[in-house]
There are 6 protein chains.
Amino acid sequence: MTQPRPTLRADGRAADELRPVTITRNWLDHAEGSVLVEFGRTRVLCAASVTEGVPRWRKGSGLGWVTAEYSMLPRATHTRSDRESVRGKIGGRTHEISRLIGRSLRASIDLGALGENSIAIDCDVLQADGGTRTAAITGAYVALADAVSWLGERKKLAKPNPMVQSVAAVSVGVIDGEPRLDLPYEEDVRAGTDMNVVCTGDGGFVEVQGTAEGAVFDRPTLDALLDLAVAGCAELTRIQAEALSRDAAPR
Amino acid sequence: MTQPRPTLRADGRAADELRPVTITRNWLDHAEGSVLVEFGRTRVLCAASVTEGVPRWRKGSGLGWVTAEYSMLPRATHTRSDRESVRGKIGGRTHEISRLIGRSLRASIDLGALGENSIAIDCDVLQADGGTRTAAITGAYVALADAVSWLGERKKLAKPNPMVQSVAAVSVGVIDGEPRLDLPYEEDVRAGTDMNVVCTGDGGFVEVQGTAEGAVFDRPTLDALLDLAVAGCAELTRIQAEALSRDAAPR
Amino acid sequence: MTQPRPTLRADGRAADELRPVTITRNWLDHAEGSVLVEFGRTRVLCAASVTEGVPRWRKGSGLGWVTAEYSMLPRATHTRSDRESVRGKIGGRTHEISRLIGRSLRASIDLGALGENSIAIDCDVLQADGGTRTAAITGAYVALADAVSWLGERKKLAKPNPMVQSVAAVSVGVIDGEPRLDLPYEEDVRAGTDMNVVCTGDGGFVEVQGTAEGAVFDRPTLDALLDLAVAGCAELTRIQAEALSRDAAPR
Amino acid sequence: MTQPRPTLRADGRAADELRPVTITRNWLDHAEGSVLVEFGRTRVLCAASVTEGVPRWRKGSGLGWVTAEYSMLPRATHTRSDRESVRGKIGGRTHEISRLIGRSLRASIDLGALGENSIAIDCDVLQADGGTRTAAITGAYVALADAVSWLGERKKLAKPNPMVQSVAAVSVGVIDGEPRLDLPYEEDVRAGTDMNVVCTGDGGFVEVQGTAEGAVFDRPTLDALLDLAVAGCAELTRIQAEALSRDAAPR
Amino acid sequence: MTQPRPTLRADGRAADELRPVTITRNWLDHAEGSVLVEFGRTRVLCAASVTEGVPRWRKGSGLGWVTAEYSMLPRATHTRSDRESVRGKIGGRTHEISRLIGRSLRASIDLGALGENSIAIDCDVLQADGGTRTAAITGAYVALADAVSWLGERKKLAKPNPMVQSVAAVSVGVIDGEPRLDLPYEEDVRAGTDMNVVCTGDGGFVEVQGTAEGAVFDRPTLDALLDLAVAGCAELTRIQAEALSRDAAPR
Amino acid sequence: MTQPRPTLRADGRAADELRPVTITRNWLDHAEGSVLVEFGRTRVLCAASVTEGVPRWRKGSGLGWVTAEYSMLPRATHTRSDRESVRGKIGGRTHEISRLIGRSLRASIDLGALGENSIAIDCDVLQADGGTRTAAITGAYVALADAVSWLGERKKLAKPNPMVQSVAAVSVGVIDGEPRLDLPYEEDVRAGTDMNVVCTGDGGFVEVQGTAEGAVFDRPTLDALLDLAVAGCAELTRIQAEALSRDAAPR
C-alpha cells in the first residue's frame with residue numbers, strides 16, 4: 001500500500017485533487033433554500049422546502065425534523081433509465097442514498113433550536129458523472145442553511161443559530177492501486193475499493209461507508225483513503241463557507 | 001366579446017405578448033439532444049434519448065417511434081408536492097400531459113424516414129410558473145431535431161430529413177374578460193377559460209384543447225383565443241428556428 | 001375543405017347524423033341516479049352516488065363536489081384488455097377521460113346550491129364502439145340530474161335547482177376528407193382529425209379537444225367540425241330533456 | 001335441526017325456492033360468449049374471451065386453459081365502494097371468488113378436447129343483492145359453452161364436445177334457525193351459517209364451502225343445507241339447458 | 001366409494017392417522033403468545049400480538065377484534081417462490097388463507113369478553129409439506145389462548161374467560177380412491193378431491209371447504225371425508241389441550 | 001477516547017465479548033443450504049436456493065450470480081410491524097440491508113468457478129434483538145458454502161472450490177463513551193456511534209459502515225471500533241469453520 005502521489009488522471013487532476021466545484025445559491029425562485037451544485041460534470045439541484053409543524057410521531061417534542069429525497073432524472077446518465085414513478089417503486093439505491101443524505105444533514109443542525117418545523121431537501125441529479133451522493137450532501141447543506149436563515153428572518157426558530165456545524169462529503173477509491181479523491185464515473189466503475197465519507201467542518205466523521213468492489217482492503221489502505229477524504233472535505237467546507245458568505249441574489 | 005387590446009398585465013406585457021423565451025441547446029453532456037427552455041420563470045429541461053430499434057409491437061414496420069414523459073420536480077411549484085415515485089403511481093395530469101407532448105412531437109416527424117429508431121423525450125419541469133406543457137412541447141421539438149441530426153450524422157436514418165415541420169405550443173385564456181397570450185401561474189388560476197394550442201410552423205393545428213374553468217365560452221371568444229395562439233406559435237417558431245440555426249456548443 | 005354533405009356511411013347514416021341514442025333511467029336499484037346510455041352499439045352505465053359531506057380540503061366552504069370515474073370492462077372492446085385493477089395501476093387514457101367527464105359535469109351545476117354534498121359518477125363502459133367518453137358525459141348528466149332531484153326530495157340541497165344548464169358531448173372527425181358526426185370505432189381509427197366537443201344546452205362550449213392524428217388541420221376544417229358538433233349536441237340536449245321529462249320508473 | 005318447510009320469506013318465497021332466474025345470451029356484440037344472468041336483483045355480466053394459445057407454462061401440453069375474473073362495479077352495492085383499480089390492489093374477497101369461479105368452470109370442460117386455446121371469463125357484477133358468486137358461476141357456464149361452440153364452428157377444437165358436464169351454483173344458509181335457498185343480501189347478512197355449493201348437472205359436488213358466521217353448525221344442519229343446495233342446482237341446471245337450447249340471437 | 005381402511009401410506013401412516021404433531025409454546029420472546037406448530041415436516045410459526053383498542057369502524061362497540069395474516073417464506077417450498085413484498089402485491093391464495101384463519105379463530109372467542117382489544121395472529125410458514133393452513137389454524141388457536149391469558153393476567157379483559165371453545169383444523173382428501181387424513185404435499189398434489197375442515201373442540205363445524213380437483217365427488221365420499229376430519233380434529237383438540245396444560249416456559 | 005475495558009454490560013458481557021453464537025445447519029429440508037443463526041436472542045433463518053442459469057444480462061459470461069433478500073417477520077420485534085407485502089412496497093432499510101448482504105457474500109466466492117448458476121440467499125429474521133444484518137451475513141455465508149457443496153457433489157461447478165474466503169460480520173458502537181462489540185437492541189438504540197463491519201476470514205475489510213447517530217466520531221474512536229470489530233469477526237470466523245467441519249445431519 002503506497003501513499004497517494006500527485007500522478008496525472010484522465011482529467012489531468014492529481015490523485016488528491018477535487019474536480020472544479022461550484023455552488024450556485026438561489027437557483028430556484030420558490031424554494032426557501034436552493035443550490036445548484038457541480039462537482040465537475042456532476043450537477044445536482046438541491047431544494048429545501050420548509051413546512052410548519054412536524055410529522056405526527058414527533059408532535060409536542062419541541063424538536064424539528066429534516067429529511068431528504070434523492071432522485072435522478074432519466075437521462076442524467078450515459079444511457080437513459082426508466083423513471084421510478086413509471087416503474088411504480090423506488091429502487092434500493094435511491095432509498096439508501098436518500099437515507100444517507102438525511103442522516104448527514106441532521107448531524108449539522110440542532111433540532112431543538114429549529115423548533116417544530118420540518119425541512120425537506122430534494123436532491124435531483126440533473127447530470128451524473130460520479131459522486132452524485134457526495135455532491136448532493138455538500139450542496140444540500142448550503143440549501144439547508146439558507147432555509148434556516150429564511151426561518152430566522154421570519155422569527156420562526158425556537159432558538160437562534162440551529163446550524164451547529166457544516167457537513168460536506170466526498171468519494172475516495174483505489175484505482176490501479178492508487179488512492180484517489182473525488183472519483184468521476186470512469187474511475188468509479190474501475191475502483192477496486194470505494195468509500196464515501198461525510199465529515200463535519202472541523203474534521204469529525206458523520207458517515208464512513210467503504211465497500212470492497214472485488215478487492216478486499218487492508219487497514220493501511222483504509223487509513224490512506226480516510227486521509228484523502230478528510231482533506232477533500234476540508235476543501236469543500238471552505239467552498240461552502242465562501243458560497244454562504246456571498247450576498248445571495250434577491251429572490 | 002372584445003378583441004385583444006394592448007392592456008398592461010401584472011408583468012408589464014401586452015395581452016398578445018409572450019414572456020421572454022430562451023432556448024439553450026446542449027444543456028446536458030450525455031443526451032443526443034437536450035434543451036433548457038424558459039418561458040419567463042417556467043424552466044423545463046428536455047432531453048432526447050435515442051435507442052436503436054422500436055417497441056415489439058412496431059418491429060418490422062420500418063417505422064420509428066417517438067414518445068415523451070413529462071414530470072415535475074417536487075419543488076418546481078410554490079409549495080412542495082410529493083414525488084410520484086414515492087406515491088407509487090403517476091397522476092392523471094402527468095399522464096395527460098405526457099401523451100399530449102408525444103402526440104405533438106409525432107406530428108413533426110416522418111416516422112418512416114426515422115427508420116426503426118426510438119426517441120424518448122423527457123421533459124422535466126425544474127421550475128413552474130404556468131405554461132409548463134407548452135414550454136415543454138416548444139423545447140422538446142428542438143431537442144428532437146438535435147437528436148435526429150445526431151442520427152443523421154451517424155448515417156442511421158432510413159431517409160434524409162425526417163423532420164417535416166416544426167411544432168410549437170402556447171397557452172391562451174380569458175382573464176377579466178380579456179383574451180391573453182402565454183399565461184403565467186397567477187393568470188392561469190384566475191382564467192375563466194383556458195386553452196392550449198399546438199401549431200405547426202406554417203400555422204396548421206396539431207392540438208386544440210380548450211376548457212371552461214367556470215365560464216362557458218362562446219364562438220367569438222374561441223375565435224379570438226385561436227387568433228392569439230396562432231400568432232404566439234408563429235413567434236415561437238421563429239425563436240426555435242433561430243436557436244437551431246446557431247452552432248451548438250461542442251459536447 | 002368542403003362542407004359536410006349527406007353522403008352515406010357504412011352504417012347508412014348521413015355525415016351530420018347521430019347514431020340511434022337511447023337513455024334508460026333508473027337502470028340500477030341502489031344508485032341515487034343511474035342511466036344506461038347507448039350511442040349505437042356503445043353502451044355505458046352511469047351511476048351517481050350521493051354522500052353527505054365533502055372532501056376535507058373543501059369542508060366549511062359551503063360548496064358541494066362532483067367527480068367522475070370512467071372505466072371499461074375488459075371485454076367491452078373487440079379484443080379483451082387486462083383489468084387496470086390486475087395491472088395495479090390506472091392508465092393515462094382512463095385518467096384523462098375521468099377528469100374530462102368530471103370537469104364537464106361541474107359546468108352544469110351550481111356547487112353552492114348543491115351544498116356540502118358530494119356526488120360521484122361512475123361511468124362504466126359495458127360495450128365500446130367509439131364515442132365512449134361522449135356517451136358517458138351525455139348519460140352522466142342525466143344521472144347527475146336524477147341524483148340532485150333525489151337530494152331535493154329529501155330537502156338536502158342548500159338552494160333549489162342547482163342544475164344550471166345541461167351538458168352533452170359528441171365526437172366529430174374528418175374521414176376521407178369529409179367531416180362527420182359521432183364516429184363509431186371503425187371511423188374513429190381511420191380519422192385524420194378527431195375532436196370531442198362538450199356543449200351546454202344553449203350551445204356554449206365547455207370543452208373543445210381536437211387532435212390531429214396524422215393530418216394537421218386548418219381553420220376551415222376546425223370551423224366545419226365545430227358546426228357539426230354544436231348541431232349534434234343540440235340534438236343530444238333534446239334527447240336528454242325528453243328522457244328527464246318522463247316519469248322515472250319507481251325504484 | 002328441522003327440515004325446510006315452505007315458510008314465507010320477505011320476498012314471498014318458500015324456503016326451498018329460488019329467486020326468479022333469467023339468463024340472456026349474447027348480451028354483448030364482441031365477446032365469443034356472453035350472458036347477462038339475473039338471480040332476482042343480482043345482475044352479473046359474464047363475458048367469455050377466446051385466445052389462441054395457452055400461457056407459457058402450459059405450452060406443448062396439448063391442453064387448453066380456462067380462467068375467470070370476478071369484479072364488482074363500484075355502485076353495484078347499497079353504498080359505493082372504491083374501485084380496486086384506484087386502490088391499486090385487488091382485495092382478498094375478489095381473488096377468492098375469481099379462483100372459485102375458475103376452478104368450477106374447469107370442472108365442466110375437457111381441457112384436452114379444448115386443445116391449446118385459452119378462454120377467459122369476466123364476471124362483472126352490475127348489481128349485487130346476494131349470491132353474486134353463485135350467479136356468476138351459473139351464468140359463466142353458459143357463456144363458456146357458447147365460446148366453445150364458437151371455437152367448434154371455426155374447427156379450432158382438438159376434439160368435438162369438450163363440455164363434459166354443466167356446472168351451476170347456489171347459496172344456502174340458516175336464517176332464524178331455518179335452512180333457506182338462494183339468499184338475497186338481507187338474508188345473507190343475518191345468516192348464522194352460510195354455504196356456497198357448486199354442483200354438476202348430474203348432482204356431483206364440485207365445491208362445498210360452508211362457513212359459520214357466528215353460529216357453529218352441526219352435521220344435521222350441514223346435511224339439510226346440502227339437500228337444499230342440490231335441489232336448487234338441479235333447477236338451475238334446467239334453466240341453463242333451456243337457455244342453451246334457444247337459438248341465440250344473431251350477433 | 002369405499003370406507004377408509006388402514007392401508008399403508010408412503011410415510012407409513014394409516015389412512016386415518018395424523019402425522020406427528022408438536023406444539024411448542026413461547027417460541028418467541030416478545031410476542032404475547034407464540035407457537036411453533038409442526039404437522040410432520042410442515043412448520044408454522046404463529047405469533048399473537050396484542051394491541052389496546054380496535055379498528056375505527058369498531059370503536060365504542062365494546063367488542064374486540066381478532067385477525068390473522070398468513071405468509072410463506074420464499075424457500076418454505078421445494079422450489080423458491082418470489083416474495084410477495086418484492087412482487088408488490090399479495091396473491092389470491094394468501095388472502096384466501098388469511099381470511100380463513102381469521103374467521104376460524106373468531107369462532108373460538110367471545111369478542112365482548114375480550115373487550116376493545118385487538119389481537120393479530122401472524123402465521124408464517126417456515127417449511128411447507130402440505131396442510132399449512134390447517135397447521136396454522138391449529139397452532140394459532142394456542143397462541144391466541146396464550147395472548148388472552150396475557151391480557152387476563154394484566155386485568156385487561158372486559159369479562160373473564162373469553163375463549164369459548166377451541167378450534168382445530170385438518171385436511172382430508174381422496175387419493176387413489178381412498179379417503180385419507182392430513183395430506184402431506186405429495187398426497188395433496190395427487191388428490192382428486194381435497195377438503196379442509198375446521199372443527200370446534202366439541203365437534204361442531206366452523207368451516208368446510210371441499211374442492212374437486214379434477215374428480216367431482218358424491219355424497220358418500222363427502223360423508224366419509226367429514227368423518228375422517230372430525231376424528232382428526234378431535235385428536236388435534238387433545239394435543240392442543242395438553243400443550244396448554246403444560247407450564248409455559250418463562251419468557 | 002479510551003480503549004475498551006472489560007466492564008460489565010446489562011447481559012454480563014465484557015465490552016469486547018460476543019453474545020452466545022450458534023449456527024444450526026440444515027434447519028430446512030428443501031433448501032440446498034440452510035442455517036438458523038443466533039446471536040443471543042437475535043435469530044435469523046438463512047436459506048440458500050440454487051437455480052441453474054443466470055439472469056439475462058449475465059448470460060454467456062461464464063460467471064455465476066449470488067443475491068440476498070433480507071426481511072423481518074412482523075412480530076420479530078418488540079411491537080408488531082406491518083408486513084411489507086401488505087404495504088405493497090419494500091422499505092429503504094430492507095433494500096439497504098439486502099444489498100449489503102449480497103455484496104458481502106459475493107466477496108467470498110469466485111463467480112467464475114461457480115459457473116452459470118445462481119444462488120439466492122433468503123435471510124428472514126424470526127426474532128430481532130440487535131445485529132440482525134450482521135447475524136444474517138455470518139449465517140448466510142455458511143448456507144452459501146453448503147449450497148456450493150451441493151453443486152459440487154452434483155458436478156455442476158465450473159471449477160472446484162469457488163469459496164475463496166469466508167466472510168463474517170459484527171456490529172460495534174460507542175455506549176456511554178465505551179466502545180462495545182455486538183450490540184443488542186437496548187445498546188443499539190443508546191449508541192452514539194454505530195458501525196457494522198464485514199471482514200474476510202483473514203481480516204481484510206469487505207464493508208465498513210459507520211454512522212454517527214447524534215455524536216460525531218473522531219479518528220481514535222474509529223480506530224478503536226475497527227479493532228473491536230476485527231477481533232469479533234475473527235471469533236465468528238472460528239465458529240463458522242467449526243460449524244462447517246461438523247457432519248451435516250442428513251436431509
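Residues numbered from 1 in each chain as written. Chains lettered and ligands numbered in written order. Predicted model: local features only at pLDDT ≥ 70, side-chain atom pairs only at ≥ 80, totals over all residues. Heavy atoms only, no water.

**Student:** Which residues make up the overall build of chain A, and what values go with them?
**Tutor:** Counting its regular elements, chain A contains six helices and nine strands. Taking 18 Å as the expected radius of gyration for a compact globule of 251 residues, we find that chain A reaches 18 Å, a close match to that expectation. Its C-alpha atoms give chain A principal-axis dimensions of roughly 55 × 40 × 35 Å. Scored against the burial criterion, the 251 residues of chain A give a buried share of 61%. Pairs at least 24 residues apart make up 70% of the contacts formed inside chain A by residues separated by at least 6 positions. Taken as a whole, chain A presents about 9500 Å² of accessible surface, with 50% of it coming from carbon and sulfur. When the 30 basic and 34 acidic side-chain charges of chain A are each reduced to a single mean position, those positions are 5 Å apart. (Helix = DSSP H or I, 4+ residues; strand = E, 2+ residues; numbered from the N terminus. Rg over C-alpha atoms; globule rule 2.2 N^0.38 Å. Buried < 20%, exposed > 50% of the residue type's maximum accessible area, 1.4 Å probe, protein only. Contact = heavy atoms within 4.5 Å. Areas by Shrake-Rupley, 256 points an atom, 1.4 Å probe, with all protein chains shown as cover. Lys, Arg positive; Asp, Glu negative; His and termini not counted. Charge placed at Lys NZ, Arg CZ, Asp CG, Glu CD.)

**Student:** Describe the UniProt feature "binding site: phosphate" (unreviewed entry) in chain A, listing the residues and the values that go with them.
**Tutor:** All names here are of chain A. Mapped onto this structure's residue numbering, the UniProt feature "binding site: phosphate" (unreviewed entry) falls at Arg93, Gly131, Thr132 and Arg133. A maximum C-alpha distance of 13.6 Å is found for the annotated residues, which run over 41 residues; spatially they form one tight group. Relative to the elements of secondary structure, Gly131 occurs in the loop between strand 5 (117-127) and helix 4 (132-153). The class for Gly131 is buried, based on a relative accessible area of 15%. The contact partners of Gly131, leaving out residues within four places of it in the chain, are Arg19, Thr42 and Leu183. Structurally, Arg133 can be placed in helix 4. Overall, Arg133 belongs to the buried group, its relative accessible area being 19%. (UniProt positions renumbered as here; feature names shortened; annotations may be inferred.)

**Student:** Residues and numbers for the relation of the copies chain F and chain A, please.
**Tutor:** Expressed as a screw operation, the relation of chain F to chain A combines 0.0 Å of axial shift with a rotation of 180°, fitting to an RMSD of 0.0 Å. When the rotation and shift are considered jointly, the pair of chain copies conforms to a two-fold rotation axis. When each C-alpha of chain F is compared by its distance to the rotation axis, Gln209 of chain F comes out closest, at 2.2 Å. Mapped onto chain A, 100% of the interface residues of chain F again fall at the interface, so both copies present the same surface. (Least-squares fit on C-alpha atoms with pLDDT ≥ 70 in both.)

**Student:** Got a sec to walk through the UniProt feature "domain: Exoribonuclease phosphorolytic" (unreviewed entry) in chain A? Specific residues and values, please.
**Tutor:** Residues and elements named next belong to chain A. Here, the residues flagged by UniProt with the feature "domain: Exoribonuclease phosphorolytic" (unreviewed entry) are residues 17-147 and 167-231. Secondary structure content for residues 17-147 is 30% helix and 32% strand, and the end C-alpha separation is 30 Å. As a span, residues 167-231 carries 26% helix and 45% strand, and end to end its C-alpha atoms are 13 Å apart.

**Student:** Give a detailed account of the interface of chain B and chain A, specifying residues and quantitative values.
**Tutor:** Facing 35 residues of chain B, the contacting portion of chain A comprises 35 residues. Around 3100 Å² of area is buried between chain B and chain A when both sides are counted, 51% of it from carbon and sulfur atoms. Joining chain B to chain A, the criterion identifies 14 salt bridges. Among the ionic pairs, Glu69 of chain A bridges to Arg80 of chain B, the shortest N-O distance being 3.2 Å. (Buried area = accessible area lost by both parts, 1.4 Å probe. Salt bridge = Lys/Arg side-chain N within 4 Å of Asp/Glu carboxyl O.)

**Student:** Tell me about the relation of the copies chain B and chain A, and please be specific about residues and values.
**Tutor:** Rotating chain B by 180° about the axis while translating it 0.0 Å along that axis superimposes it on chain A, leaving an RMSD of 0.0 Å. A symmetric contact is evident, with 100% of the interface residues of chain B recurring at the interface of chain A.

**Student:** Report on the packing of aromatic side chains, specifying residues and quantitative values.
**Tutor:** Considering all chains together, one arrives at 15 aromatic pairs over all chains under this definition. On the basis of an interplanar angle of 35° and a centroid distance of 5.7 Å, the ring pair of Phe217 of chain B and Phe205 of chain C is categorised as tilted. Residue Phe217 of chain B is located in the loop between strand 9 (205-212) and helix 6 (219-245), and its partner Phe205 of chain C is located in strand 9 (residues 205-212); the two belong to separate chains. One Lys or Arg, Arg43 of chain B, reaches over the ring of Trp27 of chain A and ends 4.6 Å from the middle of that ring. (Phe/Tyr/Trp six-rings, centres within 6.5 Å; stacked < 30°, edge-to-face > 60°. Lys NZ or Arg CZ within 6 Å of the ring centre and 35° of its normal.)

**Student:** Got a sec to walk through the interface of chain F and chain A? Specific residues and values, please.
**Tutor:** Each partner contributes to the interface: chain F provides 27 residues, whereas chain A provides 27 residues. A combined buried area of about 2400 Å² lies between chain F and chain A, and 52% of that area is made up of carbon and sulfur atoms. Three residues, Glu96, Phe205 and Arg219 of chain F, lead the burial of chain F against chain A; their summed loss comes to 26% of the area buried on that side. At the junction of chain F with chain A, the criterion picks out six salt bridges. Two residues, Arg219 of chain A and Asp223 of chain F, come together in a salt bridge whose shortest N-O distance is 3.5 Å. Counting across the interface, chain F meets chain A through 14 residue pairs in polar contact (both at pLDDT 80 or more). Listing elements by their share of the side of chain F that touches chain A, those giving two or more residues are helix 2 (92-106), strand 9 (205-212) and helix 6 (219-245) of chain F. (Polar contact = N/O pair within 3.5 Å; in protein donor to acceptor, adjacent residues only side chain to side chain.)

**Student:** Quick one: what's the story with the environment of Ala107 of chain F, residue by residue and with numbers?
**Tutor:** Residues and elements named next belong to chain F. With respect to the secondary-structure elements, Ala107 resides in the loop between helix 2 and helix 3 (111-114). For Ala107, a relative accessible area of 18% gives the class buried. For the pair Ala107 and Leu8, spaced 99 residues apart in the sequence, the C-alpha separation amounts to 35 Å. Sequence-distant contacts of Ala107, defined by excluding residues within four places in its chain, comprise Val164, Gln165, Val167 and Val206.

**Student:** Could you give an account of the arrangement of the chains, naming the residues involved and the relevant values?
**Tutor:** Taking C-alpha atoms as the reference, chain B and chain E come no closer than 11 Å and do not contact one another. Taking C-alpha atoms only, the smallest gap left between chain C and chain F, which are not in contact, amounts to 11 Å.

**Student:** Lay out the packing of helix 4 of chain A against helix 6 (residues 219-245) of chain A in plain terms, naming residues and giving numbers.
**Tutor:** All names here are of chain A. Where helix 4 meets helix 6, the axes come as close as 10 Å, and the angle between the chain directions of the two elements is 30°. Taken as axis vectors, helix 4 and helix 6 run roughly parallel relative to one another. Here the hand of the crossing between helix 4 and helix 6 comes out right-handed. Residues Thr138, Tyr141, Val142, Ala145 and Asp146 of helix 4 form the contact with helix 6, whose own contacting residues are Leu236, Gln240 and Leu244. Class assignment for the residues of the contact of helix 4 with helix 6 results in five nonpolar, two polar and one charged. (Axes fitted to C-alpha atoms, helices over the stretch in contact; angles between N-to-C directions. Parallel < 35°, antiparallel > 145°, perpendicular 65-115°, else oblique. Left-handed = near helix turned anticlockwise from the far one by under 90°. Nonpolar A, V, L, I, M, F, W, Y, C, P; charged D, E, K, R; others polar.)

**Student:** So, helix 4 (residues 132-153) of chain D: which residues are in play, and what are the values?
**Tutor:** All names here are of chain D. With 22 residues, helix 4 should cover 32 Å at 1.5 Å per step; its first-to-last C-alpha distance of 31 Å lies within 8% of that length. Judged by how many residues are buried, helix 4 sits mostly within the fold: 19 of 22 residues are covered. The positive-phi residue at the C-terminal boundary of helix 4 is Lys155, with phi of around 60°. (Expected span 1.5 Å × (residues − 1).)

**Student:** Tell me about unusual backbone geometry, and please be specific about residues and values.
**Tutor:** Positioned with a positive phi, Asp176 of chain C is a non-glycine residue whose angle comes to about 50°. Within the fold, Asp176 of chain C resides in the loop between strand 6 (167-175) and strand 7 (178-181). Positive phi outside glycine occurs at Asn26 of chain E, with the angle close to 55°. Looking at the element boundaries, Asn26 of chain E is found in the loop between strand 1 (21-25) and strand 2 (33-39).

**Student:** So what's going on with the sheet that holds strand 1 (residues 21-25) of chain D? Residues and values would help.
**Tutor:** All names here are of chain D. An order of 1-2-3-5-4 is seen for the five strands of this open sheet, with the pairing classed as mixed. Unpaired on one side and paired on the other, strand 1 and strand 4 (65-72) mark the two borders of the sheet. The sheet shows a mean angle of 15° between the axes of neighbouring strands, taken without regard to direction. With eight bridges joining them, strand 4 and strand 5 (residues 117-127) adopt parallel strand pairing. Counted as the bridge partner of Trp65 is Ser118 from strand 5. Of the strands in this sheet, strand 1 and strand 2 (33-39) are in contact with helix 6 (residues 219-245), which crosses strand 1 at around 30°. (Pairing = 2+ DSSP bridges.)

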